[in-house]
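Listed here are the chains, written in short residue letters.
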Amino acid sequence: MSLTQLQQKLSALLPHIEMLFGEPMAKHTSFRIGGAAEVMAFPKNSAELADLLKASALLDCKKAILGAGTNVLAPDAGVEGVVICLKDCLSGMEQPDSTHIRVAAGVTMSKAAVFAANAGLSGLEFAHGIPGTVGGGVYMNAGAYGGEICQVI
(Lines give C-alpha, C1' and ligand atoms only; values in the text may rest on other atoms or scores of the structure.)
Protein backbone atom coordinates (compact mmCIF):
# COMPACT_ATOMS: atom_id res chain seq x y z
CA MET A 1 0.00 0.00 0.00
CA SER A 2 1.41 3.37 -0.95
CA LEU A 3 1.01 6.25 1.48
CA THR A 4 -0.96 9.39 0.69
CA GLN A 5 0.86 12.72 0.69
CA LEU A 6 -0.72 13.60 4.02
CA GLN A 7 0.41 10.31 5.56
CA GLN A 8 3.96 10.82 4.28
CA LYS A 9 4.18 14.41 5.49
CA LEU A 10 2.70 13.78 8.94
CA SER A 11 4.90 10.77 9.60
CA ALA A 12 7.97 12.80 8.56
CA LEU A 13 6.98 15.82 10.70
CA LEU A 14 5.84 13.83 13.75
CA PRO A 15 7.76 10.56 14.04
CA HIS A 16 7.30 10.64 17.84
CA ILE A 17 3.49 10.43 17.67
CA GLU A 18 1.72 7.09 17.26
CA MET A 19 -0.22 7.09 13.98
CA LEU A 20 -2.11 4.44 12.04
CA PHE A 21 -2.88 4.78 8.34
CA GLY A 22 -6.08 3.40 6.85
CA GLU A 23 -7.26 2.40 10.32
CA PRO A 24 -10.92 1.25 10.36
CA MET A 25 -13.01 3.64 12.45
CA ALA A 26 -15.16 0.62 13.35
CA LYS A 27 -12.35 -0.49 15.71
CA HIS A 28 -12.72 2.77 17.66
CA THR A 29 -16.49 3.35 17.86
CA SER A 30 -18.97 1.76 20.25
CA PHE A 31 -21.35 0.95 17.39
CA ARG A 32 -18.47 -0.76 15.51
CA ILE A 33 -19.14 1.12 12.29
CA GLY A 34 -17.05 3.33 10.05
CA GLY A 35 -14.58 3.02 7.23
CA ALA A 36 -10.89 3.79 7.22
CA ALA A 37 -9.40 6.97 8.63
CA GLU A 38 -6.71 8.34 6.34
CA VAL A 39 -4.64 9.06 9.46
CA MET A 40 -5.55 8.15 13.01
CA ALA A 41 -3.27 9.77 15.58
CA PHE A 42 -2.92 8.91 19.26
CA PRO A 43 -1.15 11.73 21.12
CA LYS A 44 -0.09 10.72 24.64
CA ASN A 45 0.08 14.20 26.22
CA SER A 46 -0.75 17.84 25.62
CA ALA A 47 2.64 18.55 24.01
CA GLU A 48 2.08 15.82 21.40
CA LEU A 49 -1.46 17.10 20.85
CA ALA A 50 -0.12 20.62 20.29
CA ASP A 51 2.47 19.31 17.81
CA LEU A 52 -0.23 17.40 15.96
CA LEU A 53 -2.56 20.40 15.77
CA LYS A 54 0.25 22.67 14.54
CA ALA A 55 1.31 20.18 11.86
CA SER A 56 -2.31 19.69 10.76
CA ALA A 57 -2.74 23.45 10.43
CA LEU A 58 0.54 23.74 8.53
CA LEU A 59 -0.58 21.02 6.12
CA ASP A 60 -4.11 22.50 5.93
CA CYS A 61 -5.75 19.13 6.44
CA LYS A 62 -9.12 18.19 7.87
CA LYS A 63 -9.19 17.26 11.54
CA ALA A 64 -11.70 15.31 13.61
CA ILE A 65 -11.52 14.75 17.36
CA LEU A 66 -12.45 11.38 18.85
CA GLY A 67 -12.69 10.55 22.53
CA ALA A 68 -13.87 7.11 23.60
CA GLY A 69 -15.86 6.72 20.37
CA THR A 70 -19.21 6.28 22.09
CA ASN A 71 -22.30 7.46 20.22
CA VAL A 72 -20.18 8.23 17.16
CA LEU A 73 -21.53 7.35 13.74
CA ALA A 74 -18.43 7.22 11.54
CA PRO A 75 -19.10 7.12 7.79
CA ASP A 76 -18.63 3.82 5.94
CA ALA A 77 -16.78 5.77 3.23
CA GLY A 78 -14.06 6.59 5.76
CA VAL A 79 -12.62 9.87 6.99
CA GLU A 80 -10.21 12.07 5.06
CA GLY A 81 -7.53 13.91 7.00
CA VAL A 82 -6.57 13.23 10.59
CA VAL A 83 -8.69 11.67 13.32
CA ILE A 84 -7.16 12.66 16.67
CA CYS A 85 -7.98 10.19 19.42
CA LEU A 86 -7.84 11.86 22.85
CA LYS A 87 -8.88 8.98 25.09
CA ASP A 88 -5.33 8.41 26.37
CA CYS A 89 -4.18 12.02 26.12
CA LEU A 90 -6.04 14.54 28.24
CA SER A 91 -6.54 12.50 31.38
CA GLY A 92 -5.79 14.61 34.45
CA MET A 93 -8.12 15.24 37.41
CA GLU A 94 -7.61 17.50 40.41
CA GLN A 95 -9.52 19.20 43.19
CA PRO A 96 -8.49 22.88 43.26
CA ASP A 97 -10.75 23.68 46.24
CA SER A 98 -13.29 22.02 48.52
CA THR A 99 -16.29 22.50 46.20
CA HIS A 100 -14.85 21.94 42.71
CA ILE A 101 -13.00 19.38 40.63
CA ARG A 102 -11.12 20.00 37.39
CA VAL A 103 -11.30 17.16 34.87
CA ALA A 104 -9.54 16.93 31.50
CA ALA A 105 -11.45 16.15 28.31
CA GLY A 106 -10.08 12.61 27.89
CA VAL A 107 -11.30 11.33 31.27
CA THR A 108 -14.35 9.05 31.13
CA MET A 109 -17.55 10.36 32.65
CA SER A 110 -17.59 7.36 35.01
CA LYS A 111 -14.09 8.12 36.34
CA ALA A 112 -15.04 11.78 36.84
CA ALA A 113 -18.15 10.74 38.79
CA VAL A 114 -16.13 8.42 41.05
CA PHE A 115 -13.48 11.12 41.58
CA ALA A 116 -16.18 13.62 42.61
CA ALA A 117 -17.82 11.11 44.96
CA ASN A 118 -14.47 10.27 46.57
CA ALA A 119 -13.94 14.01 47.08
CA GLY A 120 -17.29 14.18 48.88
CA LEU A 121 -18.96 16.16 46.09
CA SER A 122 -22.37 15.52 44.59
CA GLY A 123 -23.85 16.38 41.21
CA LEU A 124 -22.11 13.91 38.89
CA GLU A 125 -23.95 10.79 40.03
CA PHE A 126 -25.87 10.70 36.73
CA ALA A 127 -22.58 10.42 34.83
CA HIS A 128 -21.42 7.16 36.37
CA GLY A 129 -23.07 4.98 33.73
CA ILE A 130 -22.14 7.14 30.73
CA PRO A 131 -19.30 5.44 28.81
CA GLY A 132 -17.99 8.52 26.95
CA THR A 133 -15.38 11.09 27.89
CA VAL A 134 -15.91 14.41 29.62
CA GLY A 135 -14.93 16.26 26.42
CA GLY A 136 -17.58 14.41 24.44
CA GLY A 137 -20.07 14.87 27.27
CA VAL A 138 -19.56 18.62 27.25
CA TYR A 139 -19.77 18.76 23.46
CA MET A 140 -23.14 16.99 23.35
CA ASN A 141 -24.45 17.85 26.85
CA ALA A 142 -24.47 14.25 28.06
CA GLY A 143 -27.13 13.29 30.52
CA ALA A 144 -28.91 10.41 32.20
CA TYR A 145 -31.34 9.84 35.07
CA GLY A 146 -32.47 13.46 35.09
CA GLY A 147 -28.98 14.97 35.25
CA GLU A 148 -27.03 16.73 32.53
CA ILE A 149 -23.44 17.95 32.30
CA CYS A 150 -24.66 21.54 31.79
CA GLN A 151 -25.99 21.47 35.36
CA VAL A 152 -22.57 20.90 36.89
CA ILE A 153 -20.00 22.39 34.54
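Quick summary incoming for the structure in this document. (Residues numbered from 1 in each chain as written. Predicted model: local features only at pLDDT ≥ 70, side-chain atom pairs only at ≥ 80, totals over all residues. Heavy atoms only, no water.)

Residue position: Q7 is located in helix α1 (residues 5-13). A relative accessible area of 4% places Q7 in the buried class. At a separation of 2.7 Å, a polar atom in the side chain of Q7 contacts the main-chain amide nitrogen of T4. Aside from chain neighbours lying at most four places away, what touches Q7 is S2, F21, G22, E38 and V39. (Helix = DSSP H or I, 4+ residues; strand = E, 2+ residues; numbered from the N terminus. Buried < 20%, exposed > 50% of the residue type's maximum accessible area, 1.4 Å probe, protein only. Polar contact = N/O pair within 3.5 Å; in protein donor to acceptor, adjacent residues only side chain to side chain. Contact = heavy atoms within 4.5 Å.)

On to α1. Among the residues of α1, those classed as buried are L6, Q7 and L10. One side of α1 holds all its buried residues, which, seen down the axis, span an arc of 100°. The exposed set on the far side of α1, more than 90 degrees from its buried face, consists of Q5 and A12. Residues of α1 that are buried sit in contact with β1 (18-24), β2 (36-42), α2 (46-58) and β4 (79-85). (Arc of directions from axis to C-beta.)

As a further point, take the pattern of salt bridges. Pairing between side chains of opposite charge can happen when the charged atoms of each approach one another. One pass over the structure, following the stated rule, counts three salt bridges. Measuring nitrogen to oxygen at the nearest pair gives 3.9 Å for the salt bridge that ties K62 to E80. Of the two residues, K62 is situated in the loop between α2 and β3 (63-66) and E80 in strand β4; the sequence distance between them amounts to 18 residues. Comparing K62 with E80 shows no difference in burial state: the two are exposed. (Salt bridge = Lys/Arg side-chain N within 4 Å of Asp/Glu carboxyl O.)

Note: strands within a sheet are paired through backbone hydrogen bonds, in either parallel or antiparallel orientation. Pairing in this open sheet of four strands is mixed, and the strands run β1-β2-β4-β3 from one edge to the other. The sheet is open, and its two edges are formed by β1 and β3, each paired on a single side. Strand-to-strand twist across the sheet, computed as the mean angle between neighbouring axes with direction ignored, equals 30°. Relative to β4, β3 runs parallel, the two being bridged by four bridges. Bridge pairing in β4 links I65 to I84. Packed on one face of the sheet, α2 meets β2, β3 and β4 and runs near 160° to β4. (Pairing = 2+ DSSP bridges. Axes fitted to C-alpha atoms, helices over the stretch in contact; angles between N-to-C directions.)

A word on the environment of G120. The residue G120 is located in the loop between α3 (109-118) and α4 (134-140) in this model. Distance in space between the C-alpha atoms of G120 and N141 is 23 Å, their sequence separation being 21 residues.

Quick look at the pairing of strand β5 (residues 93-97) now. The pairing of β5 with strand β6 (residues 100-103) spans three bridges and is classified as antiparallel. Pairing of E94 across the sheet is with R102, part of β6. Here β5 folds back onto β6, and the loop between the two strands holds two residues.

A few words on the nonpolar core. Ranked by internal contacts, the top residues of the largest apolar core, which has 15 residues, are L10, L14, M19 and V82. Of all the elements in the fold, those that place two or more residues in this core are α1, β2, α2 and β4. Among the elements that take part in this core, α2 stands out by supplying three residues, more than any other. In contact with L10, not counting residues within four places along its chain, are M19, V39, A55, L59 and V82. Listed in part, the 13 residues of the second largest apolar core include V107, A112, F126 and V134. (Core = buried A, V, L, I, M, F, W, Y, C linked by side-chain atoms within 4.5 Å.)

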